[in-house]
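Chains, contacts and geometry: an overview
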Amino acid sequence: MELYPKFTFLNSISPLATVVNAISEFLMSDSSFNNSPILLAEALDNVIETNVYRFLDLYTQNIEKDAFGEYDNLKEVYYDGTMGDWCKINFNSMRDNPFYWNKEAVMYILVDGDYQKMTVLDIPEGVTEVNKYAFAGFRFIERINIPKSLTLINESGFYILNDCQDFYYAGTPEDWSKITFKDSNANPMGYFKNQYFLNDNHEYQKITELDLRNLSEIKSNTFIYMPDVTKLYLKR
């Protein structure tokens with residue numbers, strides 16, 4: 001199986017990119033580094049001429065301060081992991097997510113061995129946590145699928161998704177109330193025009209009525225951004 005450098009810069013003339021690739025190739029050739037993340041801090045801050053880069057998940061577990069500066073021309077990001085893997089990346093700040101800077105940048109993910117443009121953000125069942133800033137700037141998605149297994153979304157986990165279309169949650173509003181949202185930007189619902197939850201028949205239904213009479217507690221930021229709700233039921 002062919003091994004790619006951790007960060008491959010295409011159409012780039014920067015000598016810094018060459019250095020980073022050389023380091024990456026060295027680390028990947030040494031099995032002792034298999035379980036160690038590559039931490040890049042400020043090293044890539046000035047590499048702004050590239051408009052495409054490859055982003056593999058093999059070592060990327062931590063992305064530290066200013067790892068990705070102002071990528072003025074970034075258009076495409078290629079990622080070889082799943083969205084479950086992406087949820088685990090530790091971004092030091094919002095600006096360290098490469099999508100935060102660029103309104104036109106889109107992600108390509110591997111599907112059956114081929115890269116395909118991602119329009120649906122599908123977080124797989126079994127994922128319990130979204131790390132902070134994980135999906136900040138994912139303006140290119142049209143739909144999001146959130147699993148019932150999710151219990152924690154950290155700070156600004158879904159900041160600036162743009163005006164997206166469809167939000168699907170694989171549970172009821174009561175299940176949704178069990179999620180802990182670290183701040184208002186951890187809740188993605190406000191970016192979606194249509195919001196669907198599972199009803200008692202296990203069918204997706206657009207939310208226009210919200211019955212919370214079975215809840216003894218409603219956490220912060222849980223049911224914000226629900227403009228289609230016309231009726232709200234609360235217990236005494």
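Predicted model only: the values in this text are computed from it and were never measured.

Each value, and the rule that gives it
- Residues numbered from 1 in each chain as written.
- Predicted model: local features only at pLDDT ≥ 70, side-chain atom pairs only at ≥ 80, totals over all residues.
- Heavy atoms only, no water.
- Helix = DSSP H or I, 4+ residues; strand = E, 2+ residues; numbered from the N terminus.
- Buried < 20%, exposed > 50% of the residue type's maximum accessible area, 1.4 Å probe, protein only.
- Contact = heavy atoms within 4.5 Å.
- Salt bridge = Lys/Arg side-chain N within 4 Å of Asp/Glu carboxyl O.
- Pairing = 2+ DSSP bridges.
- Axes fitted to C-alpha atoms, helices over the stretch in contact; angles between N-to-C directions.
- Phe/Tyr/Trp six-rings, centres within 6.5 Å; stacked < 30°, edge-to-face > 60°.
- Lys NZ or Arg CZ within 6 Å of the ring centre and 35° of its normal.
- Patch = residues over 30% accessible without salt bridge, like charges linked within 9 Å, V, L, I, M, F, W, Y side chains within 5 Å.
- Areas by Shrake-Rupley, 256 points an atom, 1.4 Å probe, with all protein chains shown as cover.

**Some points on the overall build of the protein**
Helices and strands together make up the secondary structure of the protein, namely 3 helices and 17 strands. For the protein, the residues scored as buried account for 47% of the 236 residues in total. Look at the contacts in the protein between residues 6 or more apart in sequence, and 62% of them connect residues 24 or more apart.

**Thoughts on the pattern of salt bridges**
Counting across every chain of the model gives 6 salt bridges. Ionic pairing is found between Asp175 and Lys148, a salt bridge with its closest N-O pair at 3.9 Å. With a gap of 27 residues between them, Asp175 in helix α3 (residues 173–176) and Lys148 in the loop between β10 (143–146) and β11 (152–153) connect regions that are remote in the sequence. What emerges from the salt-bridge pattern is a single network uniting Lys148, Asp175 and Lys178.

**Remarks on the sheet that holds strand β15 (residues 204–206)**
Whenever strands of a sheet pair, they do so through backbone hydrogen bonds, lying parallel or antiparallel. With mixed pairing, 5 strands are arranged side by side in an open sheet as β8-β10-β12-β14-β15. Since the sheet does not close on itself, it has two edges, and those belong to β8 (120–122) and β15, each with one partner. Between one strand axis and the next, the sheet turns through 20 degrees on average, direction left out of account. Sheet analysis places β8 next to β10, joined by 3 bridges and oriented parallel. Its bridge partner being in β10, Asp122 is matched across the sheet by Asn145.

**Topic: the packing of aromatic side chains**
Per the stated rule, a full pass over the model turns up 21 aromatic pairs. When the ring of Tyr100 is compared with that of Trp101, the centres are 5.6 Å apart and the planes differ by 75 degrees; the resulting orientation is edge-to-face. Judged by its relative accessible area of 26%, Tyr100 is partly exposed. Sitting over the ring of Tyr168, Arg143 keeps its end group 3.7 Å from the ring centre.

**Section: a nonpolar patch on the surface**
Residues Ile218, Leu232 and Leu234 make up a contiguous nonpolar surface patch of roughly 300 Å² in combined accessible area. Relative to the helices and strands, Ile218 resides in the loop between β16 (209–211) and β17 (231–233).

**Examining the sheet that holds strand β13 (residues 180–181)**
Read from one edge of the open sheet, 3 strands run β9-β11-β13, paired in parallel fashion. Edge positions in the sheet fall to β9 (129–130) and β13, since each has one partner strand and no second. With 2 bridges joining them, β11 and β13 adopt parallel strand pairing. Along β13, the bridge assignment pairs Ile153 with Phe181.

**Details of the pairing of strand β7 (residues 114–117)**
Two faces belong to every sheet, and in a regular strand the side chains alternate between them. Two elements, strand β6 (residues 106–111) and β7, share 4 bridges in a ladder whose sense is antiparallel. Note on β7: the bridge partner recorded for Leu110 is Tyr115. Linking two consecutive strands that pair antiparallel, namely β6 and β7, is a turn of 2 residues; a positive phi of about 55 degrees is found at Asp112 within it.

It is worth stressing that arrangement in space is one thing and function is another; only the former is reported here.
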